[in-house]
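Letter by letter, the chains look like this.
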Amino acid sequence: MNTAVAGTSGDGTSSQNIGFAIPIAQVESLLPELQKGGQSGTGGGYLGVDITTLTPALRQQYGFTPTQGAVVLSVVSGSPADKAGLVQGDVIVNINGTAITSAEDLQKVIQNAKPGQTVTITYYVGNSKRTTTATLESQSQAQQAQPSTTNPLGGGFPGFGNSGGTP
């Protein structure tokens, strides 16, 4: 479903072929609630991480142990992920018994969870497999959180191998 299309830029030139959309599967999942007169703004859970899919190239470059998962690029300060001890460079491989093989898997699991729900997260720090729990927040709580100050993949993983998580 199209949600926005870029218009004219500041210098008066037209911005063509730039649009923003919501995947139809996401819209379809909201239909039952909307048909009952509910609101769509409540959304799912919020963890507070910026992630990317673990690829063979990333695995080789940074020496990650797992072969699949979602690499934490940054953690929002004060977020559920921050409180759970996740840091940049951790690789999430499982949430509540669901294998995480990509960034999309992690997004689906968190979006299908409810704010206030506690999830069990299995992740790797270097060669060490760890488990932690996080209590998810709502999207409105997320808007009050401070933006992350960590650097995505461009500068490497300064916190790699030095997670504050509890074994």
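Thresholds applied
- Along each chain, residue indices are assigned from 1 in the same order as the chain's sequence is written.
- Since the coordinates come from a predicted model, pLDDT governs what is reported: local features require at least 70, and pairs of side-chain atoms require 80 or more to be given and counted, while whole-chain, interface and lining totals use all residues.
- Only heavy atoms go into the side-chain values, all of them from the structure, while hydrogens and water stay out.
- The salt bridge definition used is simple: a Lys or Arg side-chain nitrogen within 4 Å of an Asp or Glu carboxyl oxygen.
- To qualify as a helix, a DSSP run of H or I must reach at least 4 residues; to qualify as a strand, a run of E must reach at least 2; elements of each kind are numbered from the N terminus.
- Each residue is placed in one exposure class: buried if its accessible area under a 1.4 Å probe, protein chains only, is under 20% of its type's maximum, exposed if it is over 50%, and partly exposed if it falls in between.
- Aromatic rings from Phe, Tyr and Trp, with only the six-membered ring used for Trp, were paired whenever their centres fell within 6.5 Å, and each pair was classed as stacked if the ring planes differed by under 30 degrees, edge-to-face if by over 60, and tilted otherwise.
- Note: the arc covers the axis-to-C-beta directions of the helix.
- When checking whether two residues touch, look at their non-hydrogen atoms; a contact exists if any pair is within 4.5 Å.

Visitor: I tried to follow the pattern of salt bridges on my own but got confused; where do I start?
Guide: Throughout the structure, instances matching the rule amount to one salt bridge. A salt bridge links K83 to E137, with the shortest nitrogen-to-oxygen separation between them at 3.5 Å. Remark: E137 occurs in the loop between strand 8 (128-135) and helix 5 (139-143) and K83 occurs in helix 3 (residues 80-84); sequence separation between them is 54 residues. Residue E137 is classed as buried on the basis of its relative accessible area, which comes to 13%.

Visitor: How do you make sense of unusual backbone geometry when you look at a structure like this?
Guide: Working note: non-glycine residues mostly have negative phi, and peptide bonds are mostly trans. Despite not being glycine, N96 shows a phi value in the positive range, around 50°. Among the secondary structure elements, N96 is positioned in the loop between strand 5 (91-95) and strand 6 (98-99).

Visitor: What exactly am I supposed to notice about the packing of aromatic side chains here?
Guide: What characterises a pair of aromatic rings is the spacing of the ring centres plus the angle enclosed by the ring planes. Applying the stated criterion across every chain, the model contains one aromatic pair. Aromatic side chains Y62 and F64 sit 6.0 Å apart centroid to centroid with 40° between the ring planes, which places their arrangement in the tilted category. As far as the burial class goes, Y62 and F64 line up, both buried.

Visitor: Got a minute to help me understand helix 4 (residues 103-112) in this structure?
Guide: Turn by turn, an α-helix covers 3.6 residues, leaving residues three or four places apart pointing in a common direction. Here helix 4 has its buried residues at A103, D105, L106, V109 and I110. The buried residues of helix 4 all sit within an arc of 160° when viewed along its axis, so they share a single face. Residues K108 and N112 are exposed on helix 4 and point more than 90 degrees away from its buried face. On its buried side, helix 4 packs onto strand 3 (49-53), strand 4 (70-75), strand 5 and strand 6.

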